[in-house]
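So you can see what is in the structure, the chains are spelled out below.
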Amino acid sequence: MSGLDSRQLDALVRDAKPAVYWSDRSFAPDVGDPIIGTHEGDLVIIGGGFTGMWAALHAAEEQPGRSVHVVEAERIGHGASSRNGGFCEASLTHGLLNGLSHWPNDIDALNRMGNDNLTALLADVERLGIDAAVETTGTMNVATEPWQVDDIAEYADTLRAHGEEFELLDAAATRAEVDSPTYLAGVVEPHSCAMIDPAKLVWGLRDAVERLGVIIHENSRVISVDELGAALTVRMSAGSIRANRVLVATNAWAEPEKQIRNYVIPIYDHVLMTEPLTTEQMASIGWGARRGLSDWANQFHYYRLTEDNRILWGGYDANYYKGNGMGPEYEQRVDSHVTIAGHFFDTFPQLEGLGFSHRWAGPIGTTSKFTAAFGTKYDGRLAWVAGYTGLGVGASRWGARVGLDLVDGKSTERTELAMVRRKPMPFPPEPLRNAVIQFTRGQIAKADANEGEPGPWLNLLDKFGIGFDS
Ligand SMILES: Cc1cc2nc3c(=O)[nH]c(=O)nc-3n(C[C@H](O)[C@H](O)[C@H](O)COP(=O)(O)OP(=O)(O)OC[C@H]3O[C@@H](n4cnc5c(N)ncnc54)[C@H](O)[C@@H]3O)c2cc1C
């Protein structure tokens with residue numbers, strides 16, 4: 001375990017820039033002007049994250065001549081899409097185990113669609129010439145407590161039963177991949193995930209859709225969508241767009257489509273980025289295969305290398321703020337950053353002396369099933385897609401396709417899935433919402449401290465097929 005005390009960790013965290021590393025780089029594009037005046041279009045997409053950008057791309061490519069507008073409150077990629085870990089997973093269901101527990105009848109179809117989606121996403125990135133720093137390394141889940149060793153072995157059995165490729169590793173083999181004294185076992189999934197640079201991807205998609213004629217309005221927060229005769233009117237403070245179809249892709253935000261808030265809540269997930277590692281520091285941890293890593297706890301960490309050999313270290317302390325609190329005031333919770341900084345040096349004590357360059361947090365939109373929710377309004381002329389929980393980098397491309405199917409009134413294999421047709425159980429209204437979530441977070445921490453044993457409350461939630469995760 002590391003020798004750093006809380007004062008030293010606090011100082012290290014405060015030395016880091018309070019900004020998102022991915023978007024704090026010299027090549028970040030300028031932000032566009034707000035929309036002014038009245039406009040017309042065939043399709044308006046609200047929200048310029050991955051979901052919005054993929055939807056714009058496929059709408060414009062598949063129906064050339066269709067007039068498509070994207071309206072973004074801040075800048076393209078302002079939300080989760082440029083703040084994440086960049087684990088671009090094939091899973092559409094927040095992992096195989098979660099998918100099996102909620103959609104057992106559809107899991108093989110969902111896995112097939114997820115694998116096809118990842119292949120097609122990587123092909124799109126290549127075809128469009130986007131430099132998203134893609135590394136097709138796969139991932140490794142590690143056990144850091146004795147109870148997790150058995151869990152990981154059981155997980156490997158499930159992967160085998162579903163024809164997924166994996167390699168189960170003992171402690172020595174896990175440490176040969178990446179050297180941490182905390183590792184007791186690991187499971188490698190070599191093809192389930194590509195590591196990407198999220199900001200480069202979302203900005204590359206922005207350039208691609210603009211080349212196709214999509215009109216992007218940044219700094220333009222949508223206040224309302226109203227039905228006016230045969231058309232829908234999307235209103236911003238200084239402008240409006242009259243359109244035939246509207247796709248809402250605001251994920252953790254629930255304006256202008258308030259029904260999203262019944263099913264999707266914002267959870268703030270915290271991230272640290274280190275300074276680039278020296279050659280000696282890299283040699284001290286190994287990590288030659290450069291896979292994305294996660295540990296197996298309920299409150300888990302995820303971590304990865306960047307192109308210039310920094311370590312992105314995130315997760316564990318996912319916070320919900322009463323009344324669905326969202327905003328910049330929740331992005332710099334020093335206590336959370338200090339907690340995860342301590343875990344970083346527990347995992348890699350040989351890196352003591354390394355500093356953090358950036359610290360940030362971002363809103364994860366989570367549902368009670370940890371998989372995206374879908375809805376429609378105005379006879380299907382408006383559709384919404386939101387709530388991938390912590391696994392939306394890849395799944396958002398698929399979610400965007402579902403959103404387009406819904407808004408175009410198409411019945412497809414995707415729209416027939418129970419995961420699309422049935423909404424997850426809604427969260428209770430406030431003040432009960434906050435009380436239940438904080439109690440559940442406490443119970444999850446307790447389960448981790450008690451060899452993963454869930455206890456009566458988590459078992460009860462499980463019976464109803466609901467939970468809380470990041
Ligand atoms: C810290 C963190 C780490 C994560 N790590 C991973 C990971 O490694 N792998 C993974 O698969 N997933 C990860 N995720 C989740 C993943 O990033 C998201 O699921 C995904 O980016 C969702 O994309 P989106 O376009 O649906 O939403 P967002 O990117 O959140 O986009 C929504 C957009 O809507 C805009 N908006 C909101 N309201 C309005 C309005 N009224 N008018 C106009 N625009 C509006 C917002 O400004 C925002 O830009 C992580 C998330 C976070 C926060």
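Note that the coordinates shown come from a computational prediction; the quantities given were computed from them, not determined experimentally.

Chemist: Teacher, can you tell me more about the site of the ligand here?
Modeler: Around the ligand sit 44 residues, and of these Gly 47, Gly 49, Gly 79, Gly 85 and Gly 392 come closest. Here the shell around the ligand spans two domains, since at least three of its residues come from each of domain 1 (6–25 + 138–194 + 265–366) and domain 2 (37–95 + 199–263 + 369–421).

Chemist: How do you make sense of the domain arrangement of the chain when you look at a structure like this?
Modeler: Interfaces are often described in size by the accessible area the parts lose on coming together. When its domains are assigned, the chain resolves into domain 1 (6–25 + 138–194 + 265–366), domain 2 (37–95 + 199–263 + 369–421) and domain 3 (432–463). Taking only C-alpha atoms, the centre of domain 2 and the centre of domain 3 are 33 Å apart.

Chemist: Would you mind showing me how to read the sheet that holds strand β5 (residues 167–170) here?
Modeler: Sheet strands associate in pairs through backbone hydrogen bonding, adopting either a parallel or an antiparallel arrangement. Pairing in this open sheet of eight strands is mixed, and the strands run β5-β6-β4-β13-β14-β15-β12-β16 from one edge to the other. Two strands close off the open sheet at either side, each with one partner strand: β5 and β16 (356–366). The mean angle between the axes of side-by-side strands here comes to 20°, regardless of whether they run parallel or antiparallel.

Chemist: Would you take a moment to explain the packing of helix α2 (residues 50–62) against helix α11 (residues 395–407) for this structure?
Modeler: Pairs of packed helices are described in terms of their axes, by the angle between the two and the distance that separates them. Viewed as axis vectors pointing N to C, α2 and α11 meet at an angle of 55°, and their least axial separation amounts to 8 Å. On the basis of the axis angle, α2 is oblique to α11. Our pair here, α2 against α11, has a crossing hand that is right-handed. Contact residues: α2 offers Phe 50, Thr 51, Trp 54, Ala 55, His 58 and Ala 59, while α11 offers Ser 396, Arg 397, Gly 399, Ala 400, Arg 401, Gly 403 and Leu 404.

Definitions and limits used
- Residues numbered from 1 in each chain as written.
- Predicted model: local features only at pLDDT ≥ 70, side-chain atom pairs only at ≥ 80, totals over all residues.
- Near = placed C-beta within 6 Å.
- Domains from an automatic or database assignment.
- Pairing = 2+ DSSP bridges.
- Helix = DSSP H or I, 4+ residues; strand = E, 2+ residues; numbered from the N terminus.
- Axes fitted to C-alpha atoms, helices over the stretch in contact; angles between N-to-C directions.
- Parallel < 35°, antiparallel > 145°, perpendicular 65-115°, else oblique.
- Left-handed = near helix turned anticlockwise from the far one by under 90°.
- Contact = placed C-beta atoms within 7 Å.

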